[in-house]
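An overview of the molecular structure
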Amino acid sequence: MPSFLKDISKFYGTGELNQKGESLKEFLETYDPYKYKTPSCTTDAVVFSYEKDQRSQIEDLKLLLVKRSNHPSIGYWALPGGFVNMEENLEDAAKRELEEETGVPNLPMEQFAVYGNFDRDPRTRIITTAYMALVKREEVKVQAGDDAADAAWFQIGIRLLSKERKMHRIEEEYELHLFNAEVGVDTKAKILHTTTEGMIREEKFIVIDAGKIACDHGAIITQAILLLKNRL
């Protein structure tokens with residue numbers, strides 16, 4: 001099949017032929033992109049908001065969530081997000097999905113994590129890239145759209161339940177609390193945060209109890225909260 005890209009000039013390398021005697025153009029004409037099973041890619045957006053200039057602590061902020069109207073995790077609350085199109089950059093996909101599901105347009109976003117456990121979604125192998133944004137609440141208008149049944153700002157709280165050092169690893173268990181009286185949701189999740197010590201550090205956020213939060217979004221939210229908390 002022809003190249004996925006119209007302009008392949010920057011991929012010529014030294015211009016020599018490969019072991020089969022093929023030029024780059026000839027190689028691409030016979031390349032089979034379906035030779036290997038490929039995961040689907042999504043983006044998820046953790047959007048925090050504040051009123052006026054009150055953003056000195058996490059408790060001052062609210063979190064934007066959407067209610068899922070379809071499987072999986074139907075009826076649970078989730079981060080705004082969705083599938084990346086073939087000719088779309090990740091950041092553009094995150095902004096598009098956020099606007100489609102909540103009506104909030106074109107926010108500046110920071111990429112902070114990738115979640116890719118094979119069992120994180122029952123539909124297929126899905127890898128998601130997580131983004132974070134912070135906005136003044138009165139500057140945006142939230143309205144559910146696309147496949148979101150509802151969209152709302154949630155009060156957030158996070159509490160460290162335990163901290164333990166095991167060999168060269170630190171384990172912290174957090175309770176994530178999300179609350180919105182208007183939509184009748186008061187839910188808590190438990191998240192395990194593990195970090196290895198040393199120059200190279202493995203860090204993981206794992207959902208122990210999801211509460212009414214979809215998939216592994218409780219872990220993504222917790223990671224974003226802890227990142228932001230260190231900056232406030």
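Our structure's up above, just so we're on the same page.
A brief structural summary. (Residues numbered from 1 in each chain as written. Predicted model: local features only at pLDDT ≥ 70, side-chain atom pairs only at ≥ 80, totals over all residues. Heavy atoms only, no water.)

In terms of helices and strands, the protein chain carries three helices and 10 strands. From first element to last, N terminus to C terminus, the protein chain shows the α and β order α-β-β-β-β-α-β-β-β-β-β-β-α. Across the 232 residues in the protein chain, those meeting the buried criterion constitute 40%. Partitioning the contacts of the protein chain with sequence separation of at least 6, the portion at a separation of at least 24 is 58%. Roughly 14,300 Å² of accessible area belongs to the protein chain as shown, and the carbon and sulfur atoms make up 49% of that amount. One way to put it: in the protein chain the 31 positive side-chain charges average out to a point 4 Å from where the 39 negative ones average out. (Helix = DSSP H or I, 4+ residues; strand = E, 2+ residues; numbered from the N terminus. Buried < 20%, exposed > 50% of the residue type's maximum accessible area, 1.4 Å probe, protein only. Contact = heavy atoms within 4.5 Å. Areas by Shrake-Rupley, 256 points an atom, 1.4 Å probe, with all protein chains shown as cover. Lys, Arg positive; Asp, Glu negative; His and termini not counted. Charge placed at Lys NZ, Arg CZ, Asp CG, Glu CD.)

A separate point is helix H3 (residues 217-229). For H3, which comprises 13 residues, the first-to-last C-alpha distance of 18 Å matches the rise-based estimate of 18 Å (1.5 Å per residue) to within 8%. The buried fraction of H3 amounts to 11 of the 13 residues, a majority that puts the element mostly inside the structure. Those residues of H3 not exposed but buried are His-217, Gly-218, Ala-219, Ile-220, Ile-221, Thr-222, Gln-223, Ala-224, Ile-225, Leu-226 and Leu-228. (Expected span 1.5 Å × (residues − 1).)

Turning to the packing of aromatic side chains, a few remarks are in order. Tallied over the full model, the rule gives two aromatic pairs. Arranged with centres 5.7 Å apart and planes meeting at 45°, the rings of Phe-27 and Tyr-31 form a pair that is tilted. Since its relative accessible area comes to 35%, Phe-27 is described here as partly exposed. Plain terms: the ring middles of Trp-77 and Phe-154 are 4.9 Å apart, the flat faces sit at 65° to each other, and that makes the pair edge-to-face. A residue pair is termed long-range when its members are at least 10 positions apart, and Trp-77 in strand E3 (residues 77-78) and Phe-154 in strand E7 (residues 148-166) qualify at 77 residues. Since its relative accessible area comes to 5%, Trp-77 is described here as buried. The class of Phe-154 is buried, set by a relative accessible area of 1%. (Phe/Tyr/Trp six-rings, centres within 6.5 Å; stacked < 30°, edge-to-face > 60°.)

Two strands pair when backbone bridges link them, and strand E8 (residues 169-180) and strand E9 (residues 185-196) are joined in this way by 12 bridges, in the antiparallel orientation. Following the sheet pairing, Leu-176 is matched in E9 by Ala-189. Hairpin connection, E8 to E9: the antiparallel pair is bridged by four residues, and Gly-184 has positive phi, about 70°. With six bridges connecting them, E9 and strand E10 (residues 203-209) associate as antiparallel partners. Opposite Ile-191, over in E10, you have Val-207 as the bridge partner. Connecting E9 to the antiparallel partner E10 that follows it, the hairpin turn spans six residues, and Gly-198 within it adopts a positive phi of roughly 125°. (Pairing = 2+ DSSP bridges.)

According to the stated counting rule, one finds 13 salt bridges in the structure shown. Across the pair Arg-165 and Glu-197 runs a salt bridge whose closest N-O atoms are separated by 2.2 Å. Here Arg-165, found in strand E7, pairs with Glu-197, found in the loop between E9 and E10; they are 32 residues apart in sequence, far enough to count as distant. Residue Arg-165 is classed as exposed on the basis of its relative accessible area of 54%. Judged by relative accessible area, which is 35%, Glu-197 ranks as partly exposed. The network of salt bridges with shared partners includes Glu-88, Arg-96, Glu-97 and Glu-100. (Salt bridge = Lys/Arg side-chain N within 4 Å of Asp/Glu carboxyl O.)

Right, let's talk about the environment of His-177 for a bit. For His-177, the location among the structural elements is in strand E8. The spacing of His-177 and Tyr-76 is 101 residues in sequence and 14 Å in space, taken between C-alpha atoms. Excluding residues that lie within four positions of it along the chain, His-177 makes contacts with Gln-155, Ile-156, Gly-157, Asp-186, Thr-187 and Lys-188. In this structure the side chain of His-177 is engaged in a polar contact, spanning 2.5 Å, whose partner is the side chain of Asp-186. (Polar contact = N/O pair within 3.5 Å; in protein donor to acceptor, adjacent residues only side chain to side chain.)

All right, on to the nonpolar core then. Phe-48, Leu-178 and Ile-221 are the most contacted members of the largest nonpolar core, which has 33 residues in total. When contributions to this core are tallied by element, the ones reaching two or more residues are strand E1 (40-50), strand E2 (62-68), strand E5 (110-115), strand E6 (126-136), E7, E8, E9 and H3. Considering every element that reaches this core, the biggest residue donor is H3, with seven residues. Non-local contacts of Ile-221, meaning those with residues more than four positions away in its chain, are made with Leu-63, Leu-65, Leu-79, Leu-176, Leu-178 and Ile-213. (Core = buried A, V, L, I, M, F, W, Y, C linked by side-chain atoms within 4.5 Å.)

It is worth stressing that arrangement in space is one thing and function is another; only the former is reported here.
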